[in-house]
Amino acid sequence: MKWKKYTIETTTEAEDFMSSMLMELGIEGIEIEDNVPLTKEDQADMFIDFLPELPPDEGISRVSFYLEDDGSDYGALLKQVKLGLEGLRDTVDVGSGTITSSETEDLDWINNWKQFFSSFTIGDILIKPTWEQPNPEDADKLMIEIDPGISFGTGKHETTQLCIRELDKYIRGNEGNPPAWEHPRVLDVGFGSGILSIVALKLGAGTVVGTDLDRDCLISVRDNMQVNRLAPELGAFYVGNLIDDEALQEKVGRESFEIVVANILADVIIPMAPVIPGLLKKGGVFITSGIIDFKEQEVRAAIEAAGLAVIEVNHQGEWVNITARRE
């Protein structure tokens, strides 16, 4: 489907007024572009740890809207937009108010990104998208099938790989680290697509519990558990904020886990750190990543201040894993 895109050059001061005016005219799908820096609260709600550097904010905003390019005559509507724009000049500085147009068309964003996600291995663990067939030479590998769908988590990011290596070390063990527990219970904070929960179960965890802020993740983890032939009763998944929701902390279970894993953001790990010791059994480990290298010391200090002993720090690229134990 093709669309006509109309962009109004205005000011950041006027962008909310402009959006309201367009919605009053029945126009939906409004897009705003500006260089206003995000607040810390906004950043905390995003699945990234740092933002690309933007040009300086000069108070300029571009407010765009889309009209279906089906041969309809939008002349009358565009005239209303121009009149509404001029009417706003008495209330707020709308800047130049110039309107430009271009054409665009729908892209299948949900599926087009799949070209960037292909099978890969971490040691003898094969992580494979559901739409690919495994290669014969991978027949002896521990296979994890993932379709992230609408949730975060293919396993390809460095932070996820750091967590997977640590889960392997502490669940299955290796030459230098025999497993400390038989079938440990694992808490996955910010489970997303469920990849770390599924890896933990495939490696030998007894059960997993997961929490996430996004309700859509419940769909993804359920589907991915099914694809990997894991019984639903092996995992319990909840929506909520583990940092300040004491009812959720009780629900997941205090002092119930040998392992807590959190592949989230440094700015979330820091306030969460005091909660973790109360969820771990004595001797249990906290495996965390999602930490950009320049925040390593800040996160480590928060983990140690919570009473956990840091036992490992690993790096991959510019990302950091910190693993700590409840003594």
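Located above this text is the structure these notes cover.
Okay, so let's go over this structure. Remember, predicted model here, so these are calculated numbers, not experimental data.

Attention now moves to the overall build of the chain. Helix and strand counts for the chain stand at ten helices and 14 strands. For the chain, the proportion of its 327 residues judged to be buried stands at 43%. Sequence-distant contacts, at least 24 apart, represent 70% of the contacts inside the chain between residues at least 6 apart. Summing over all exposed atoms, the chain offers an accessible surface of approximately 16900 Å²; the carbon and sulfur share of this is 50%.

Reading across the sheet, the three strands line up as β5-β6-β7 and stay open at both edges, with mixed pairing between neighbours. A single partner strand is all that each edge strand has here, and the edge strands are β5 (120-122) and β7 (142-146). For this sheet the average axis-to-axis angle between neighbouring strands, irrespective of direction, equals 25°. Where β5 lies against strand β6 (residues 125-129), three bridges are found, and the strand directions are antiparallel. Within the sheet, the bridge partner assigned to Thr 121 lies in β6 and is Leu 126.

It is worth spelling out unusual backbone geometry at this point. The backbone of His 183 shows a phi angle near 55°, a positive value even though the residue is not glycine. Assignment of secondary structure puts His 183 in the loop between α5 (158-172) and β8 (185-189). The exposure class assigned to His 183 is exposed, which follows from its relative accessible area of 53%. With a phi angle near 50°, Glu 255 is a residue other than glycine that sits in the positive phi range. With respect to the secondary-structure elements, Glu 255 resides in the loop between α8 (246-252) and β11 (257-263).

Once that is clear, we can look at helix α7 (residues 217-227). Of all the residues in α7, the buried ones are Cys 217, Ser 220, Val 221, Asn 224 and Met 225. Burial along α7 is one-sided: seen end-on, the buried residues are contained in an arc of 130°. Exposed positions of α7 whose direction lies more than 90 degrees from the buried face are Arg 222 and Gln 226. In the segment just after α7, Arg 229 is the residue with positive phi, at about 55°.

Taken together, the seven strands give an open sheet; going across it, the order is β10-β9-β8-β11-β12-β14-β13, and neighbouring strands pair in mixed fashion. The open sheet has two free edges, formed respectively by β10 (235-239) and β13 (309-316), since each of these has just one partner strand. Pairwise comparison of adjacent strand axes, ignoring direction, gives a mean angle of 15° for this sheet. Pairing between β11 and strand β12 (residues 280-292): six bridges, direction parallel. Among the inter-strand pairings, Val 261 is bridged to a residue of β12, identified as Ile 287. In the packing of helix α6 (residues 195-203) onto the sheet, the strands contacted are β8, β9 (207-212), β10 and β11, and the crossing angle to β9 comes to about 175°. Running at roughly 165° to β10, α7 makes contact with β9 and β10 of the sheet.

Rules and cut-offs
- Residues numbered from 1 in each chain as written.
- Predicted model: local features only at pLDDT ≥ 70, side-chain atom pairs only at ≥ 80, totals over all residues.
- Heavy atoms only, no water.
- Helix = DSSP H or I, 4+ residues; strand = E, 2+ residues; numbered from the N terminus.
- Buried < 20%, exposed > 50% of the residue type's maximum accessible area, 1.4 Å probe, protein only.
- Contact = heavy atoms within 4.5 Å.
- Areas by Shrake-Rupley, 256 points an atom, 1.4 Å probe, with all protein chains shown as cover.
- Pairing = 2+ DSSP bridges.
- Axes fitted to C-alpha atoms, helices over the stretch in contact; angles between N-to-C directions.
- Arc of directions from axis to C-beta.

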